[in-house]
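Here are the chains, one letter per residue:
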Amino acid sequence: MAAMGTFTPSYVAGYACPACGARYALPRGLCACGQPLLVGYRLDALAAAFGREALAARESSLWRYRELLPVAPPDEASELAAGGTPLLRLARLGAMLGLPELWAKDEGLNPTGSFKARGAAVGVTALAALGVRDLCVATSDNLGPAWAAYCARAGLRLHVVISDDVPRPTLRQSSIYGAEVVVAPGGAAAAFALAEELARERGWLNISAFREPYRVEGKKTIGLELAEQRGWSLPDAIVCPTGGGVAIVGIWKAVEELAALGWLDAQRPRLIAVQSESCAPIVAAFAAGAERCGDSPYADTIARGLRVAKPLGDRLVLRALRASGGDAVAVSDAEIEAAVLDLAQLEGLFVAPEAAAALAGLRKLRGTGRVTPSERVTLLLTGSGLRRWDLLEERYPVA
Ligand SMILES: *Cc1c(COP(=O)(O)O)cnc(C)c1O
Ligand SMILES: [Zn+2]
């Protein structure tokens, strides 16, 4: 297959299952044991052959880190450039929270308005090179539009299963890119089950979080980019709105790989997961000292992208939080709404409710002293508020 030519990046060592240790060459899905696979790189060889200074001359998109990605980039003009998002100081919010070093990474500026574009850019490129034609996923938020846009550009077919409680504009944002949208009655859990059934029956690849090892590599570039933007140093704490936890695992993978390459100073960031009180299995498992998530209640929330009842990568997420000396906290919709307005009115950033959860969580942790004034904190503002027409019309209490 001609496209396979793009699948020979020089530094991939192979794919391994952290749960059982099995190894694979070019996997399309999960390990045979049902757990996620992660790609490993020959970091010694990379460190010997490549210096981080060479990055300066590269494009600003996430493909600037191609040596640390599992697939070669599409040619530059064909790419919908994900990544290269600004790192902004939040002086007014920082003063309010007693955090002189408060910053935000504005991921809402990615194509399709969320950081899901990073995972889609790498995921679609890799799966297309593997010859996969039909992808399928259950989603209630930004995953649909992000993967639909990249699939449209690469000529892949995406089938999106959306639960019937999701507002119509959200659904249309996937179908506008040509994705087939299947509406599932019975809420988000039923949509996940239907996506699995359809994938099995029709031979589609389910690209739900951690079901293939490529998306996490795209999310990893948040950590690479943040380190490079800060002169190869990471902040004391990175606050991540968390659903399936792909960003947490990706950012921690970036920390480990950069450290192994010798590109990072001695400082290691604490990773802080923020979930919605309506569905917070990671927060519950973290507090209980558990290795895996238990059954979680599943209520509605305006932050639907954080509503993942049974994260497949739970082990990896909890391990990353603990290895980083991190934390996990849940916030209410009222706290999220207040944070949306604060970010908009104090900093000029209108973000998605999921993104605002980062600020709401930080506020809580400052209140209880779990984040201290000397800490340099970066909020991951994962998505733009502009896509949520439903909330603009009915919910936000602005004149
Ligand atoms: C999907 C999503 C999240 C959660 O991301 P994970 O990496 O899966 O935990 C957070 N914010 C936004 C805007 C999202 O779309
Ligand atoms: Zn395994």
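Here we summarise the structure given alongside this text. Note that this is a predicted model, so its numbers are computed, not measured.

About the cut-offs
Residues numbered from 1 in each chain as written. Chains lettered and ligands numbered in written order. Predicted model: local features only at pLDDT ≥ 70, side-chain atom pairs only at ≥ 80, totals over all residues. Heavy atoms only, no water. Near = heavy atom within 4 Å. Polar contact = N/O pair within 3.5 Å; in protein donor to acceptor, adjacent residues only side chain to side chain. Areas by Shrake-Rupley, 256 points an atom, 1.4 Å probe, with all protein chains shown as cover. Nonpolar A, V, L, I, M, F, W, Y, C, P; charged D, E, K, R; others polar. Phe/Tyr/Trp six-rings, centres within 6.5 Å; stacked < 30°, edge-to-face > 60°. Helix = DSSP H or I, 4+ residues; strand = E, 2+ residues; numbered from the N terminus. Buried < 20%, exposed > 50% of the residue type's maximum accessible area, 1.4 Å probe, protein only. Donors = N, O, S within 2.8 Å, 3.2 Å for Na, K, Ca; no water. Tetrahedral: all angles 85-135°; square planar, octahedral: opposite > 155°, others 65-115°. Contact = heavy atoms within 4.5 Å. Salt bridge = Lys/Arg side-chain N within 4 Å of Asp/Glu carboxyl O. Pairing = 2+ DSSP bridges.

Moving on, we get to the site of ligand 1. If you check the shell around ligand 1, you find 17 residues, and the closest are Lys116, Asn142, Gly243, Gly245 and Thr382. Contact between ligand 1 and lysine 116: an oxygen atom at 2.8 Å from a side-chain N or O atom of the residue. Between ligand 1 and the protein, one listed contact pairs a nitrogen atom with a side-chain N or O atom of threonine 382 at 2.7 Å. Compared with its free state, where it exposes 380 Å², ligand 1 has 98% of that area covered by protein. Among the residues forming the shell around ligand 1, the class breakdown is five nonpolar, eight polar and four charged.

Another aspect to go through is the packing of aromatic side chains. What the rule picks out here adds up to four aromatic pairs. With a centroid separation of 6.1 Å and an interplanar angle of 35°, the aromatic rings of phenylalanine 50 and tryptophan 263 are classed as tilted. Pair noted here: phenylalanine 50 is in the loop between α1 (43-49) and β4 (87-89) and tryptophan 263 is in the loop between α8 (246-261) and β11 (270-276), with a separation of 213 residues, a long-range link. Since its relative accessible area comes to 7%, tryptophan 263 is described here as buried. Between tryptophan 232 and tryptophan 263, the ring centres sit 5.5 Å apart and the planes meet at 75°, which makes this aromatic pair edge-to-face. Linking tryptophan 232 in the loop between α7 (215-229) and β10 (237-241) with tryptophan 263 in the loop between α8 and β11, this pair joins segments that are 31 residues apart in sequence.

Note on metal sites: the ideal angle is 109.5 degrees for four tetrahedral donors, and 90 or 180 degrees for six octahedral donors. Protein coordination at the zinc ion (ligand 2): the donors are Cys17 (SG), Cys20 (SG), Cys31 (SG) and Cys33 (SG), at 2.3 Å from the metal. One can describe the site at the zinc ion (ligand 2) as tetrahedral: its four donor atoms subtend angles covering 103 to 118° at the metal. Site description for the zinc ion (ligand 2): donor spacing in sequence, C-x2-C-x10-C-x1-C. For cysteine 31, a relative accessible area of 4% gives the class buried.

Now for the side chain of serine 163. Among the secondary structure elements, serine 163 is positioned in strand β7 (residues 157-163). Take serine 163: its relative accessible area is 2%, and that puts it in the buried class. Within the structure, serine 163 has its side chain in polar contact with the side chain of aspartate 165 (distance 2.3 Å). Beyond its immediate stretch of four places on either side in the chain, serine 163 contacts Ala184, Gly187, Ala188, Ala191 and Arg307.

A complete count under the given rule lists 28 salt bridges for this structure. Here arginine 157 makes a salt bridge to aspartate 134, at a shortest N to O gap of 2.9 Å. Residue arginine 157 is located in strand β7, and its partner aspartate 134 is located in strand β6 (residues 134-138); the two are separated by 23 residues in the primary sequence. Residue class for arginine 157 comes out partly exposed when judged on its relative accessible area of 48%. Here aspartate 300 ties to arginine 304 by a salt bridge, and the two come within 3.6 Å at their closest N and O atoms. Classification of arginine 304 as buried rests on a relative accessible area of 9%. Residues joined by salt bridges that share partners form a network here, namely Lys105, Glu107, Arg118 and Glu225.

Next up on the list: the sheet that holds strand β2 (residues 23-24). Pairing in this open sheet of three strands is antiparallel, and the strands run β2-β1-β3 from one edge to the other. Each edge of the sheet is formed by a strand with only one pairing partner; in this case those strands are β2 and β3 (38-41). In this sheet, β2 lies alongside strand β1 (residues 12-16) in antiparallel orientation, the contact comprising two bridges. Bridge assignment links tyrosine 15 to a residue of β2, and that residue is tyrosine 24.

Moving on: unusual backbone geometry. Even without glycine at this site, phenylalanine 210 takes up a positive phi of about 75°. You can see phenylalanine 210 is positioned in the loop between β9 (205-206) and α7. For phenylalanine 210, a relative accessible area of 5% translates into the label buried.

So, to be careful, I would describe these as geometric facts and stop short of saying anything about function.
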